[in-house]
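Topology and contacts: notes
As a plain string of letters, each chain reads:
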Amino acid sequence: MTYDEFQRKNLGSLDKESIDQESNKDSLDWAKEAYERLKQQQEQKKIKQLQELEKSELDSKSITNQINQNQNSNEAKPNLSQESLETNLENQLPKPEPIEVVKEQAVLGDFDNTFTWSAEVLAAQGKNSIDISIEEIDWLGRLRQGLEQTRKDFVTDLLDKFGDDPLTPEVVDDLETLLLRADAGVQATDKILDALRNKLNEEVLGAEEGLRFLKDKLCEILDSPNKSDQVKLLAPKKNKLNIWLLVGVNGVGKTTTLGKLASLASRSGYSSLIAAADTFRAAAVEQLRVWAKRSSVQLIANETSNADPAAVVFDAIGAAKSKNIDLLLVDTAGRLQTKNNLMEELKKIKKIINKLSPDAEVESLLVLDASQGQNGLRQAMAFSQAAELTGVVITKLDGSSRGGVALAVASEAKLPIRFVGAGEGIRDLRPFNSFEFVEALLAKN
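First, a word on what this report is: a plain description of the structure on this page. Here the structure is a predicted model, which means the values were calculated and not measured.

Below, the discussion takes up the overall build of the chain. Looking only at helices and strands, the chain features 17 helices and 10 strands. Residues counted as buried form 49% of the 445 residues belonging to the chain. Here the analysis covers contacts within the chain between residues at least 6 apart in sequence; of these, 79% occur between residues at least 24 apart.

Given below as structure tokens:
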């Protein structure tokens, strides 16, 4: 069964009777049952892979034996040349089918606090234990670990301020400093504080109720840009060409993000193609070539000096159409909003797309480095006008204490966050989910 990591669901039928039995289960029992199911699935997958490997080895031995037999029989035929013998052997021998080796798979860890926390987060979203996947558990563990630095600087102090007593106006005032320190931005901070103060005027809030109210407000801010476009999770649409342009300044992880998106698409059952339209940076094409190979995705590139990026996109769209590709990922040159020539190049690429594939689903995604904090926000504001952005990808959350910049992007740039990266591995990029992000941000150690 393929798990679509874009849409967060298994592509297959589930046992409805088993799902109906999920209600009223204790959360720990729910987690244990989910763990046992996932463990069994992983064991079955290992057995299947071993069987395929054994079959491959048997086929190889059979081919070797046949070669030896043919060589022995051909010793009695001196009139045949060595070249003709080899040609005959190649034509006679069956071609073994290549076995796909899946690298860097999600692996089920121990039944520990990370697993039970991940299971609780999924259960809180209405997931059934029969419906969750190893990929989801694996990602939540990575996200929680990736936000550890922000959590250390933000949550530890926050929980100390909240304590066990009801919230007071003084605690709310202290919260302002913590939010600004995490680069949540002025607008998001003001919205949260105003909501908390109004709530305190209406009723007494205990520590747990206050924390839950804070989480709800954070989710509300993060989801606010999605209300206008009605798209909560961004995924390629089937039976039509989807073109995603990745833009941003140099050094934010743009090319790496594109490679991870290609892998995400392949794992989720979408056909994809990469266009290397960053012709200004010498190493960009080679870097994409490595990612394309890791993701088993074809790369369209022009390695000649000063190649036209729009021409690369032109060729890529033609190739994507001829092969009925679901998703075309376009890497663009690292550009600052002040470099008019590069911005004009981006507009030229968009004109090519509109001319060759006017019915395509086009997304312009700005890649932001979380460690840049408010500088990243200023990039988003500038790019939003010049590049007609439709969303943001936030990277390098694992190396920053400024994870709160996601709030600033949503509230001030008013752009939906589409994906988040929380590590250097190929699986460390997933569609953004505000509930999971906030739970990971405010998780108790």
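Here we come to the layout of surface pockets. The computed volume of the second largest pocket comes to approximately 290 Å³. Lining the second largest pocket are 17 residues; nearest its centre among them are Thr-114, Phe-115, Ile-137, Gly-141 and Arg-142. Contributing elements (two or more residues each) for the lining of the second largest pocket: α4 (113–124), α5 (134–146) and α6 (148–162). Here the lining of the second largest pocket is built from residues that sort into five nonpolar, five polar and seven charged.

Attention shifts here to the packing of aromatic side chains. Applying the stated criterion to the full structure yields five aromatic pairs. On the numbers, 5.4 Å between centres and 70° between planes, the contact of Tyr-35 with Phe-111 is edge-to-face. Separated by 76 residues along the polypeptide, Tyr-35 in helix α2 (residues 27–74) and Phe-111 in the loop between α3 (82–92) and α4 bring together distant segments of the chain. Taking relative accessible area as the criterion, Phe-111 reaches 31% and is therefore assigned partly exposed. For Tyr-35, a relative accessible area of 11% puts it in the buried group. Taken together, Tyr-35, Phe-111 and Phe-115 form an aromatic cluster joined through their ring pairs. Of note, Arg-294 hangs over the ring of Trp-291, and the distance from its end group to the ring centre comes to 4.6 Å.

Here we come to helix α7 (residues 169–181). An ideal rise of 1.5 Å per residue puts 18 Å on 13 residues; α7 measures up with 19 Å between its terminal C-alpha atoms. Residues of α7 that are buried include every one of Val-171, Val-172, Leu-175, Leu-178 and Leu-179, and no others. All buried residues of α7 lie within an arc of 110° about the axis, which places them on one face of the element. For α7, exposure combined with an orientation more than 90 degrees from the buried face picks out Pro-169 and Glu-170.

Summarising the element assignment, Thr-257 is placed in helix α11 (residues 254–267). Since its relative accessible area comes to 3%, Thr-257 is described here as buried. Once residues within four sequence positions are removed from consideration, Thr-257 is found in contact with Leu-246, Val-367, Val-393, Thr-395 and Leu-429.

Axis separation between helix α8 (residues 186–202) and helix α9 (residues 207–223) bottoms out at 10 Å; the angle between their running directions is 140°. Relative to α9, α8 is oriented oblique. Where α8 crosses over α9, the handedness of that crossing is right-handed. Each of Ala-188, Lys-191, Ile-192, Ala-195, Leu-196 and Lys-199 in α8 lies in contact with α9, whose residues at this interface are Phe-213, Leu-214, Lys-217, Leu-218 and Ile-221. Of the residues belonging to the contact of α8 with α9, the class tally is eight nonpolar, no polar and three charged.

If the charged atoms of two oppositely charged side chains come close together, the side chains can form a pair. All chains considered together, the criterion is met by 26 salt bridges. In this structure, Lys-127 and Asp-131 form a salt bridge, with 4.0 Å as the shortest nitrogen-oxygen distance. Exposure remark for Asp-131: the relative accessible area of 18% places this residue in the buried category. A salt bridge links Arg-289 to Glu-303; its shortest N-O distance comes to 2.4 Å. Separated by 14 residues along the polypeptide, Arg-289 in helix α12 (residues 284–295) and Glu-303 in the loop between β5 (298–300) and α13 (309–322) bring together distant segments of the chain. Glu-303 gets classed as exposed once you look at its relative accessible area, which sits at 58%. Salt bridges here are not isolated pairs; linked through shared partners, they connect Glu-5, Arg-267, Arg-427 and Arg-430.

How each quantity is defined
Residues numbered from 1 in each chain as written. Predicted model: local features only at pLDDT ≥ 70, side-chain atom pairs only at ≥ 80, totals over all residues. Heavy atoms only, no water. Helix = DSSP H or I, 4+ residues; strand = E, 2+ residues; numbered from the N terminus. Buried < 20%, exposed > 50% of the residue type's maximum accessible area, 1.4 Å probe, protein only. Contact = heavy atoms within 4.5 Å. 1 Å grid on protein atoms, 1.4 Å probe; cavity = no way out; pocket = protein on both sides within 12 Å on 5 of 7 lines; lining within 4 Å. Points joined across faces, edges and corners; volume = space filled by probe spheres on them. Nonpolar A, V, L, I, M, F, W, Y, C, P; charged D, E, K, R; others polar. Phe/Tyr/Trp six-rings, centres within 6.5 Å; stacked < 30°, edge-to-face > 60°. Lys NZ or Arg CZ within 6 Å of the ring centre and 35° of its normal. Expected span 1.5 Å × (residues − 1). Arc of directions from axis to C-beta. Axes fitted to C-alpha atoms, helices over the stretch in contact; angles between N-to-C directions. Parallel < 35°, antiparallel > 145°, perpendicular 65-115°, else oblique. Left-handed = near helix turned anticlockwise from the far one by under 90°. Salt bridge = Lys/Arg side-chain N within 4 Å of Asp/Glu carboxyl O.

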